[in-house]
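# Observations on the three-dimensional arrangement
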Amino acid sequence: MPSVYIKTYGCQMNERDSEAVAAQLVAKGYSMAGSEHVADVVLLNTCSVRDMAEQKALGKMAALAGQARKERPGQVLGFLGCMAQSRGRELIDRLPDVDLVLGTQKFHRAAEYLDDLLAGRRDKVVDVAEEEHSEARIREHVLNGNGNGNGEQAVTAFVSIMQGCNQRCTFCIVPFTRGEERSRIIPDIVAECRELVARGVKEITLLGQIVTSYGKRDIPASDGKSAFVQLLEAIHEIEGLERIRFTSPHPKGYGDDLVEAYGRLPKLVESAHIPVQSGSDRVLKAMHRGYTRERFLGIIQRLRAVRPDMGITTDFIVGFPGETEEDFEQTLSLVGESGFDNAFIFRYSPRKDTPAATMPNQLPEEAKEERNHRLLEVMNAQGARRYQALVGQRRQILVEGPSKKNPARLMGRTRCNKIVVFEGADRHRGQLLDVKITRTGSFTLYGDPAILNLDEQ
Ligand code: SF4
């Protein structure tokens, strides 16, 4: 049967979509190739959030097209995901060697279209139409990374609970590439989680573009609890599941019900990635984010009141149109006031058809670069202090497998989402282990389970 290699750009949602496509293809008899050089089919699952991500995928496909036609004349090449959705047929006009362009609501049709392309029944396929209930079709798992992995059993898994976003932040292309919010039903998600736990998964991360808006339109609040909190409660019931995470939430979604859930659902770990984007009210308003700096700080305060050990990370955009030095300084000061452990920092990138792309006072690249650098320095210094403060403390980790940098060691994650590397044995994989933190590296902790778990040795 034909072999497929999938290369994924962008966010965890894309990783999850690629995994589901891989699992669907394997179920249809395809095998997953270890590299593009030996594959019969190469698929690029693309990201449109920044121009750089699009340029990378376009460059990669141009290189593949040249190389493929020389080395493997029959190789099928395809674009999936956000850029496929936003550019459609234009991609084939630009790169005529591309055979398949599959949008974000059509992942489940990959096998059918590839069968046809490989058998010569179709010449080219472009399918970027909307499809009802496509949100319920991302449910198959490979449980060894993106399907190009090594076959080791995964301890953690991602579960897609919804697609799309209605927030319409002025910088964001996601509402155009992923469409309106569509949520899966609770029993369907719970069944998928149960199946994963039966296969050995201990930690589940719920995924969506705006998870805190889960089920808003279709599932009424009950006892003052939003649909999202009702979903967390239902998943919390699953026996054998140890930890629940979710990403990405929206600050507006941290109502009292969600904050309170942290206090009473022990499997909901004390970790939150809450994208703030800017520390300036003026910029937040221009971004159409729907909260103020004060409200954001209030959320952090309430979360820490319930779980003092809460690890909080965020996303920032620097150089948004019209961002002044004063606005930027408010972002800098928010780092300290919020006590973030880490942040993803992005330079503003104008995206086609988004309101911010045509706003006046677009900043030059040098200014964005300079602010990116300054924010990174402040964030790194604070991150180092916060990681250092954990040295000497005892933390529970879930052991995921070999460390990426040094496979002779193992790595696990604390409940507050920090990576801990330690000397261990393969039998530790999948275990919850208490370790003593002995030192820190750059956003990595090093631990010693021997000190605390002598009976384990
Ligand atoms: S909430 Fe997130 S996904 Fe939705 S428009 Fe804003 S940035 Fe984009």
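Source: prediction; values computed, not measured. (Residues numbered from 1 in each chain as written. Predicted model: local features only at pLDDT ≥ 70, side-chain atom pairs only at ≥ 80, totals over all residues. Heavy atoms only, no water.)

This brings us to the packing of aromatic side chains. Given two aromatic rings, their pairing is described by the distance between the two centres and the angle made by the two planes. One pass over the full model with this rule turns up 8 aromatic pairs. Ring geometry for F171 and F320: centres 6.5 Å apart, planes at 85°, overall edge-to-face. A residue pair is termed long-range when its members are at least 10 positions apart, and F171 in the loop between β8 (162-163) and α6 (174-178) and F320 in the loop between β13 (311-318) and α12 (325-338) qualify at 149 residues. For the pair F320 and Y348, a centre-to-centre distance of 5.4 Å together with 70° between the ring planes defines the contact as edge-to-face. Taken together, the residues span a long stretch of sequence, with F320 in the loop between β13 and α12 and Y348 in the loop between β14 (342-347) and α13 (365-388) at a distance of 28 residues. Here F320 matches Y348 in class, with each residue buried. The ring of Y9 has K7 lying over it, and the distance from NZ or CZ to the ring centre is 5.3 Å. Against the face of F176 rests R168, its NZ or CZ located 5.4 Å from the ring centre. (Phe/Tyr/Trp six-rings, centres within 6.5 Å; stacked < 30°, edge-to-face > 60°. Helix = DSSP H or I, 4+ residues; strand = E, 2+ residues; numbered from the N terminus. Buried < 20%, exposed > 50% of the residue type's maximum accessible area, 1.4 Å probe, protein only. Lys NZ or Arg CZ within 6 Å of the ring centre and 35° of its normal.)

The subject of this paragraph is the sheet that holds strand β1 (residues 3-8). Ordered by their spatial adjacency, 6 strands build an open sheet running β2-β1-β3-β4-β5-β6, and the pairing between neighbours is parallel. Edge positions in the open sheet fall to β2 (31-32) and β6 (125-127), since each of these has one partner strand only. Where strand β5 (residues 100-102) lies against β6, 3 bridges are found, and the strand directions are parallel. Counterpart to V101 in the pairing with β6 is V126. Here helix α1 (residues 12-27) sits on the sheet in contact with β1, β2, β3 (41-46) and β4 (76-80), set at roughly 175° to β1. Here helix α2 (residues 51-71) sits on the sheet in contact with β1, β3 and β4, set at roughly 170° to β4. (Pairing = 2+ DSSP bridges. Contact = heavy atoms within 4.5 Å. Axes fitted to C-alpha atoms, helices over the stretch in contact; angles between N-to-C directions.)

Residue position: K216 is located in the loop between β10 (203-207) and α8 (227-236). The class for K216 is exposed, based on a relative accessible area of 61%. Sequence-wise, K216 and E181 are 35 residues apart; in three dimensions their C-alpha atoms are separated by 9.0 Å.

One way to put it is that helix α11 (residues 293-306) packs onto α12 with a least axis distance of 11 Å and a crossing angle of 15°. With respect to each other, α11 and α12 are oriented roughly parallel. α11 and α12 meet at a crossing whose hand is right-handed. Taken together, the residues of α12 that come into contact with α11 (itself represented by R293, F296, L297, I300 and R304) are Q330, S333, L334, E337 and S338. Of the residues assigned to the contact of α11 with α12, the class counts are 4 nonpolar, 3 polar and 3 charged. (Parallel < 35°, antiparallel > 145°, perpendicular 65-115°, else oblique. Left-handed = near helix turned anticlockwise from the far one by under 90°. Nonpolar A, V, L, I, M, F, W, Y, C, P; charged D, E, K, R; others polar.)

Quick look at the packing of α12 against α13 now. Remark: α12 packs on α13, axes separated minimally by 9 Å, with the N-to-C direction vectors making an angle of 15°. Compared by their axis directions, α12 and α13 come out roughly parallel. α12 and α13 meet at a crossing whose hand is right-handed. Residues E325, F328, E329, T331, L332, V335 and G336 of α12 form the contact with α13, whose participating residues are R371, R374, L375, V378, M379 and Q382. Residues belonging to the contact of α12 with α13 are distributed by class as follows: 6 nonpolar, 3 polar and 4 charged.

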